[in-house]
Amino acid sequence: MRNNIVTRLFLALAGMTLALTGCASGSGNELEPARFVAMQEGPGEEYVIGPLDSLTIHVWRNDELGASVQVRPDGRITTPLVSDMPAVGKTPTMLAEDIRLQLSQYISEPLVTVIVNEFAGTFSQQVRIVGATEAPASLPYRANMTLLDAMISVGGLSEFAAGNRAKLIRFDRESGEQKEYNIRLNDLLRKGDSDANVLLMPGDVIIIPESMF
């Protein structure tokens, strides 16, 4: 009980800090609304392999050189004739090429395919949701992922969430700066306001404070 009270007080103070910071820095940026269902689905950025991803390595006409492996926490994999190959940070195509170059020392013109079976992605490709939600989590980013999709995945808001004071933190690759946006989770989840639904990007962090009352 005491721990729950301390947690609520901490989140409430965090919410106040976010609000004061927003006023001081002139933040208050709003993102463009997203449709609940996209008019046209499109591919996202090419997937980058992360730690603990499960991969299938296939070498054409050389099945004994293939393997099903999990990327180790240190970011490397080992397959027949390929030892401690770095995998994290590469696309499947890049990793397949690196394995091909390694195998070409032993067989002529190997054809290598890398398939990602289970994925978590790198931190830069995850959407992290913390604070007053039912199940804070890091979610693998999916193409065309929206705020609604992410909140459904974590079970929505907790009882004491101040959803309309939530913030979305996003790293702007062009400027190299971190930007903060207001998001209205109460309006989205409890009032069904479609204008409060926004598109997410890889690496987004959603912070949900608790209400003091």
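Cut-offs used in this document
Residues numbered from 1 in each chain as written. Predicted model: local features only at pLDDT ≥ 70, side-chain atom pairs only at ≥ 80, totals over all residues. Heavy atoms only, no water. Helix = DSSP H or I, 4+ residues; strand = E, 2+ residues; numbered from the N terminus. Buried < 20%, exposed > 50% of the residue type's maximum accessible area, 1.4 Å probe, protein only. Contact = heavy atoms within 4.5 Å. Areas by Shrake-Rupley, 256 points an atom, 1.4 Å probe, with all protein chains shown as cover. Salt bridge = Lys/Arg side-chain N within 4 Å of Asp/Glu carboxyl O. Pairing = 2+ DSSP bridges. Axes fitted to C-alpha atoms, helices over the stretch in contact; angles between N-to-C directions. Phe/Tyr/Trp six-rings, centres within 6.5 Å; stacked < 30°, edge-to-face > 60°.

1. Some thoughts on the overall build of the protein
The helix and strand inventory of the protein stands at four helices and 11 strands. Counting across all 213 residues of the protein, residues that qualify as buried make up 38%. A fraction of 57% describes how many contacts in the protein between residues 6 or more apart in sequence connect residues 24 or more apart. For the protein, the exposed area adds up to about 12400 Å²; of that, 55% sits on carbon and sulfur atoms.

2. A closer look at the pattern of salt bridges
All chains considered together, the criterion is met by 10 salt bridges. Linking E180 and K167 is a salt bridge whose minimum nitrogen-to-oxygen distance equals 3.9 Å. Of this pair, E180 sits in strand β10 (residues 177-183) while K167 sits in strand β9 (residues 166-172), placing them 13 residues apart in sequence. Comparing E180 with K167 shows no difference in burial state: the two are buried.

3. A few points about the sheet that holds strand β1 (residues 29-30)
What the six strands build is an open sheet, ordered β1-β10-β9-β11-β7-β8; its pairing is mixed. The sheet is open, and its two borders are formed by β1 and β8 (137-140), each paired with just one other strand.

4. Description of the sheet that holds strand β3 (residues 67-70)
Strand order across the open sheet formed by three strands is β3-β2-β6, with antiparallel pairing between neighbours. Of all the strands in the sheet, just β3 and β6 (112-118) have a single pairing partner and so form its edges. Here the average twist between neighbouring strands, direction ignored, is 25°. Where strand β2 (residues 54-59) lies against β3, four bridges are found, and the strand directions are antiparallel. Residue pairing across strands places T56 opposite S68, the latter belonging to β3. The sheet strands contacting helix α2 (residues 92-103) are β2 and β6, and the helix crosses β6 at an angle near 135°.

5. Considering the packing of aromatic side chains
For the structure on display, the rule yields one aromatic pair. Ring geometry for Y47 versus F119: centroids 5.7 Å apart, planes at 70°, classification edge-to-face. With Y47 in the loop between β1 and β2 and F119 in the loop between β6 and β7 (126-131), this pair connects stretches of sequence that are 72 residues apart.

6. What to know about the environment of L147
Relative to the elements of secondary structure, L147 occurs in helix α3 (residues 147-153). Overall, L147 belongs to the buried group, its relative accessible area being 0%. Along the backbone, L147 and A196 are 49 residues apart, and their C-alpha atoms lie at a distance of 8.6 Å. Not counting residues up to four positions away in its chain, the partners in contact with L147 are I183, L185, L188, A196, N197, V198, L200 and I206.

That's the geometry; what it means functionally is another story.
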